[in-house]
Amino acid sequence: MSQGLALKYLSVVVAAIFKFLAGPLAGLALGLEWYETALCSALGMMIGVVMTTYIGKGIQLLLAKRQKKPPRRFTRASRMTVQVWKRFGIIGIAALTPLLLSPMGGAAISVAFRVHRYRIFLWMLISSLTVGALICYLVFSLKFVQKWFLG
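Quantities reported herein were computed from a predicted structural model and do not represent experimental measurements.

Draft legend 1. Structural view of the environment of G56. Structurally, the position occupied by G56 is in helix α3 (residues 34–66). Along the backbone, G56 and W34 are 22 residues apart, and their C-alpha atoms lie at a distance of 31 Å.

Printed below as a string of structure tokens:
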């Protein structure tokens, strides 16, 4: 593998750590194939999930110390999250992570609901490979996305 190709892969991985959709768009812009982009995006999502899962409790404690006033408990987003959780559990959160949430956001929600790490990793991996492959394939096959993004 050439150094240029490795840098392209790394760019997609890093983009997908923070927002999954950024991975497929980066892969499209860098001229990668859709399946290469899907695998790199899934890897990026899983890195974000693992990082958040292992340091999630510490982040919660740090944020709690820095807040001046108590957070609002019932926001529109929190109500919707609880509804998804009650209806679908970790599978629903994992399925929505590549579409609507960031990998770190999906993992943080899972940690907040006290899901065991093994289950978080399993369902997020399944979601990143299936939903992620579908998103990558659509981004690469829909011409209007290519025209809009690449100009």
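Draft legend 2. A look at the packing of aromatic side chains. By the definition in use, this model includes four aromatic pairs. Plain terms: the ring middles of W34 and Y35 are 6.3 Å apart, the flat faces sit at 85° to each other, and that makes the pair edge-to-face. When its relative accessible area of 32% is taken as the criterion, W34 is described as partly exposed. The interplanar angle of 35° and the centroid separation of 6.0 Å between the aromatic rings of Y54 and F121 together place this pair among those described as tilted. In this pair, Y54 sits in helix α3 while F121 sits in helix α6 (residues 117–141), placing the two residues 67 residues apart along the sequence. Accessibility expressed as a relative area gives 49% for Y54, which makes it partly exposed. Every member of this aromatic cluster is reached through a ring pair, and the members are W34, Y35 and Y137.

Draft legend 3. The arrangement of the packing of helix α1 (residues 3–18) against α3 in detail. Taken N-terminus to C-terminus, the directions of α1 and α3 make an angle of 45°; their axes are 7 Å apart at the nearest point. One way to sum up the angle between α1 and α3 is to call them oblique. Here the hand of the crossing between α1 and α3 comes out right-handed. Packed against α1, whose contacting residues are Y9, V12, V13, A16 and I17, the element α3 presents E36, T37, C40, S41, L43, G44, M45, I47, G48 and M51 at the interface. When the residues that make up the contact of α1 with α3 are grouped by side-chain class, the tally is 10 nonpolar, four polar and one charged.

Draft legend 4. Examining the nonpolar core more closely. Core analysis: the biggest nonpolar cluster contains 22 residues, and V49, I120, M124 and V139 have the highest contact counts within it. Broken down by secondary-structure element, the contributors of at least two residues to this core are α2 (22–30), α3, α4 (76–96), α5 (103–112) and α6. Top contributing element to this core by residue count: α6, with seven residues. Apart from residues no more than four positions distant in its own chain, I120 is found in contact with V49, T53, I90, S110, V111 and V115. Core analysis: the second largest hydrophobic core is formed by six residues, Y9, V12, V13 and L32 among them.

Draft legend 5. Structural context of unusual backbone geometry. Its identity is not glycine, yet R114 carries a phi of approximately 60°, on the positive side. For R114, the position within the fold is in the loop between α5 and α6. For R114, a relative accessible area of 69% translates into the label exposed.

Draft legend 6. Seen up close, α2. Every buried residue of α2 is accounted for by G23, P24, L25, A26, G27 and L28. Positive backbone phi, approximately 80°, marks G31, located one or two places after α2.

What counts and what doesn't
- Note that residues are indexed from 1 along each chain, following the sequence as it is written.
- Thresholds applied to this predicted model are a pLDDT of at least 70 for local features of residues and 80 or more for the giving and counting of side-chain atom pairs; totals over whole chains, interfaces and linings are not thresholded and use all residues.
- Side-chain measures were taken over the full set of non-hydrogen atoms in the model, leaving aside hydrogen atoms and water.
- Helical segments are the DSSP runs of H or I of at least four residues, strand segments are the runs of E of at least two, and each set is numbered from the N terminus.
- Under the pairing criterion, centres of Phe, Tyr and Trp rings, with the six-membered ring standing for Trp, must be within 6.5 Å; the plane angle then separates stacked pairs below 30 degrees from edge-to-face pairs above 60, leaving the rest tilted.
- The classification of residues rests on relative accessible area computed with a 1.4 Å probe and restricted to protein chains. Under 20% of the type maximum is buried, over 50% is exposed, and intermediate values are partly exposed.
- Orientation is described by axes fitted as lines to C-alpha atoms, over the contacting stretch for helices, and by angles from 0 to 180 degrees between their N-to-C directions.
- Working definition: roughly parallel below 35 degrees, roughly antiparallel above 145 degrees, roughly perpendicular at 65 to 115 degrees, and oblique for all remaining angles.
- Helix crossings are classified by the rotation of the near helix relative to the far one: an anticlockwise turn of less than a right angle makes the crossing left-handed, while a clockwise turn makes it right-handed.
- Note on definitions: a residue-residue contact is assigned when non-hydrogen atoms from the two residues lie within 4.5 Å.
- All amino acids are sorted into three groups, where Ala, Val, Leu, Ile, Met, Phe, Trp, Tyr, Cys and Pro are nonpolar, Asp, Glu, Lys and Arg are charged, and the leftover types, Gly among them, are polar.
- As used here, the term nonpolar core means buried Ala, Val, Leu, Ile, Met, Phe, Trp, Tyr and Cys residues forming a set that is joined through side-chain atoms within 4.5 Å.

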